[in-house]
Amino acid sequence: MTTEDFPGTEFRGAAHATADLVSDYLAGLPGRPVWQPMDETARQALLDAPLPAEGRPLDELIDTIGRDVLPYPMGNGHPRFFGWVNSAPAPAGVLATLAASAMNPSSAGGDHADVHLERAVVRWIAELVGFPHPAGGGLLTSGTSMATIVCLAAARDRAARRAGRDVREEGLAGLPPLVGYVTGETHSCVRKAAELLGLGSRQLRTVATGPDGRLDTADLRAAVERDRAAGLLPFLVVASAGTVGAGAVDEFDPIADLCGAQGLWLHVDGAYGAFGRLDPAIAHRYAGLERADSLALDPHKWLGVPVDCGCALVRDTEELRGTFSLVPSYLRDESAGALGWFSEYGTEQTRPFRALKVWATIAHKGRAGLSRDIARCTALARRLGELVTADDELELLAEVQTSIVAFRHRAPGRDATARDALNRDLPVAVQRRGEVFVTGARLDGAEMLRACLLNAATTEADLRLLLAEVKAAAAELLR
């Protein structure tokens, strides 16, 4: 950094301008369209931007951001955004992101604030969802996709060690195929993790679910027994604390019983739904979650921590450290203490300062505030389910267990193929109208719309507008 790069009057003025710009942007969201396709000229201006030969003043850059970037959002900050599982950013997290960027450390290890703060917020996250937290038993990641890789790597290494192999040195060659068990609603990040870890997606068995969308333990037990009899090595079960399709929460106690008896690692995908445990109305659904060997979840979903921020939690600290620890001579730290560095517990060596935005978000709301927001979202989802059920044009496809509502348009008078085609096309048709944003998926082989409620600023009027827009878009498509 040269002398002229150090923050001074120019930086202070641009920082104030940025604060005003961001404040106005957030305040104005409810009055704007949720999402609209970018103007072709604006899109091409971003795509074709030439590499600058000379630098530009900071205030010009802020003006460009305000003119060319902020007017074209994904939409997830809006209270009528019901798509995927993308939250509005928590204001405290937005502010903390700026401060963390100013410090710009590598949170791999050492004696600086970000390292100690990460240990604290990982413990906070574990406490929020009721998961046991031994010292060092977790770390922040880019998201649940990476947290899943971290957790499944530990599961793989434990299984290989029990079979007499050191997979870090010898690889998987010579081992019987390691088999994991999932359902048809398991997130795709689990398959990606299995492929990246050399397990192969062929060794992921799809277990049946019941009519409530939960994993069928009888079918799981039968699948494990078949694979053992065939000379394979069952080692992993992936349960869900909120499936991506309908938000179903598995029954953890019977799954944990089976895993304990069979020596299987129980991993829970709690990316979005695990924080539902904070709502007293649905907390009973999570009984037994604390018995899992690992849990992956995303503070950047229901808590609203600005992206990116996932978290991997494990019951056995040494299983995690033994999977990843590698300390070259240039990174030795004799004062690191018993836990060592975070870089010994995952794949990242240079790690961003994620902890500050997590700390700010949780500290600003507190457990009580987070619980209120989450309870409001689940109550709104149940209300949306009631509104769908009461509407003759619409059909509710699954019990509302968390804050995802799976439904479809009945397309009266049309056959199953036409009904599927309508519901496949509906999400984009609704999005383009600009009033609400909803996405689609397939559930039990049928096309549907899925509304995910993560924003406590959403109102019942927004829910009614969502259904009105779905029906209006369907009428246009049917015509």
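Here is what the cut-offs are and how they apply
- Along each chain, residues carry numbers from 1 onward, in the same order as the chain's sequence is written.
- Thresholds applied to this predicted model are a pLDDT of at least 70 for local features of residues and 80 or more for the giving and counting of side-chain atom pairs; totals over whole chains, interfaces and linings are not thresholded and use all residues.
- Only hydrogens and water are set aside; all other atoms, that is, all heavy atoms of the structure, feed into the side-chain values.
- Under the scheme used here, helices are H or I runs from DSSP no shorter than 4 residues and strands are E runs no shorter than 2 residues, and both carry numbers assigned from the N terminus.
- Only protein chains enter the accessibility calculation, which uses a 1.4 Å probe; a residue whose area is less than 20% of its type maximum is buried, one above 50% is exposed, and one in between is partly exposed.
- When checking whether two residues touch, look at their non-hydrogen atoms; a contact exists if any pair is within 4.5 Å.
- Any Lys or Arg side-chain nitrogen located within 4 Å of an Asp or Glu carboxyl oxygen qualifies as a salt bridge.
- DSSP bridges decide pairing: two strands pair if at least two such bridges lie between them.
- We call a crossover right-handed when, viewed with the strands running away from us, the connection from the first strand over the helix to the second turns clockwise.
- Axes here refer to lines fitted to C-alpha atoms; in helices the fit is confined to the stretch in contact. Angles between the N-to-C directions go from 0 to 180 degrees.
- Note on terminology: angles under 35 degrees are roughly parallel, angles over 145 are roughly antiparallel, angles of 65 to 115 are roughly perpendicular, and the others are oblique.
- Rotating anticlockwise by less than a right angle from the far helix to the near helix defines a left-handed crossing, while the corresponding clockwise rotation defines a right-handed one.
- What makes a patch is a set of residues exposed beyond 30% relative accessible area and free of salt bridges, joined within 9 Å when like-charged and within 5 Å when nonpolar (Val, Leu, Ile, Met, Phe, Trp, Tyr).
- Using a 1.4 Å probe, the Shrake-Rupley method yields the accessible areas, and only the shown protein chains count as cover for residues.
- Helix span, expected: 1.5 Å multiplied by one less than the number of residues in the helix.
- Here the arc refers to the directions that run from the helix axis out to each C-beta atom.
- Any pair of nitrogen or oxygen atoms within 3.5 Å is treated as a polar contact; in protein, a donor-acceptor pairing is required on top of that, and neighbouring residues in sequence qualify only through side-chain atoms on both sides.

Peer 1: Help me get a handle on the environment of Leu449, residues and values and all.
Peer 2: By the element assignment, Leu449 lies in strand β11 (residues 446-452). Take Leu449: its relative accessible area is 0%, and that puts it in the buried class. Between the C-alpha atoms of Leu449 and Val470, which are 21 residues apart in sequence, the distance is 9.3 Å. Every residue in contact with Leu449, bar those within four places of it in the chain, is listed here: Val405, Ala406, Phe407, Arg408, His409, Asn423, Leu426, Pro427, Val438, Thr439, Gly440 and Val470.

Peer 1: Help me get a handle on the pattern of salt bridges, residues and values and all.
Peer 2: Pairing of side chains with opposite charge becomes possible as their charged atoms draw close. Scanning the model with the defined rule gives 32 salt bridges in all. Among the salt bridges present, the one from Lys301 reaches Asp298, with a minimum N-O distance of 2.4 Å. Note on Lys301: relative accessible area 15%, which makes it buried.

Peer 1: Can you explain the pairing of strand β3 (residues 204-207)? Please cite residues and give values.
Peer 2: Examined bridge by bridge, strand β2 (residues 178-183) and β3 share 4 bridges and lie parallel to one another. Residue pairing across strands places Tyr181 opposite Arg205, the latter belonging to β3. Crossover handedness for the path β2 to helix α8 (residues 188-196) to β3: right-handed.

Peer 1: Quick one: what's the story with unusual backbone geometry, residue by residue and with numbers?
Peer 2: For the bond running from Val307 to Asp308, omega is 5°, close enough to zero to count as cis. Despite not being glycine, Trp84 has its phi angle at roughly 45°, a positive value. Relative to the helices and strands, Trp84 is located in the loop between α3 (58-68) and α4 (91-103). You can call Trp84 partly exposed: its relative accessible area is 40%. Of note, the phi angle at Asp444 is positive, near 55°, even though the residue is not glycine. By the element assignment, Asp444 lies in the loop between β10 (439-443) and β11.

Peer 1: For the packing of helix α6 (residues 144-162) against α8, give the residues involved together with the corresponding values.
Peer 2: Interaxial distance between α6 and α8 falls to 9 Å at its minimum, and their mutual angle equals 45°. Comparing their axes, α8 and α6 come out oblique. α6 and α8 meet at a crossing whose hand is right-handed. Residue-level inspection shows Thr144, Ser145, Thr148, Ile149 and Leu152 of α6 in contact with α8, the latter providing Cys189, Val190, Ala193 and Leu196.

Peer 1: Which residues make up a nonpolar patch on the surface, and what values do they have?
Peer 2: There is a patch of nonpolar side chains on the surface, built from Leu46, Ile65 and Val69 and spanning about 240 Å² of accessible area. Along the chain, Leu46 turns up in helix α2 (residues 40-47).

Peer 1: Describe helix α14 (residues 460-478), listing the residues and the values that go with them.
Peer 2: In this model α14 runs 27 Å from its N-terminal to its C-terminal C-alpha over 19 residues, within 8% of the 27 Å that 1.5 Å per residue would give. Those residues of α14 that fall on the buried side of the exposure criterion are Asp462, Leu463, Leu466, Leu467, Glu469, Val470, Ala473 and Ala474. Down the axis of α14, the smallest arc covering the buried residues is 160°, so these residues share one side.

Peer 1: Describe the side chain of Glu185, with residues and values.
Peer 2: Topologically, Glu185 is positioned in the loop between β2 and α8. There is a polar contact of 3.4 Å between the side chain of Glu185 and the backbone nitrogen of Gly245. Apart from the residues within four sequence positions on either side, Glu185 is in contact with Thr243, Val244, Gly245, Ala246, Arg442 and Leu443.

Peer 1: Residues and numbers for the side chain of Glu319, please.
Peer 2: Here Glu319 lies in helix α11 (residues 317-324). Judged by its relative accessible area of 11%, Glu319 falls in the buried class. If we ignore the near neighbours within four places in the chain, the residues touching Glu319 are Ala154, Arg158, Arg161 and Trp265.

Peer 1: Tell me about the sheet that holds β2, residues and numbers included.
Peer 2: The strand order across the open sheet built from 7 strands is β1-β7-β6-β5-β4-β2-β3, with neighbouring strands paired in mixed fashion. One side of each edge strand has no neighbouring strand; the edge strands of this open sheet are β1 (138-141) and β3. Pairwise comparison of adjacent strand axes, ignoring direction, gives a mean angle of 20° for this sheet.

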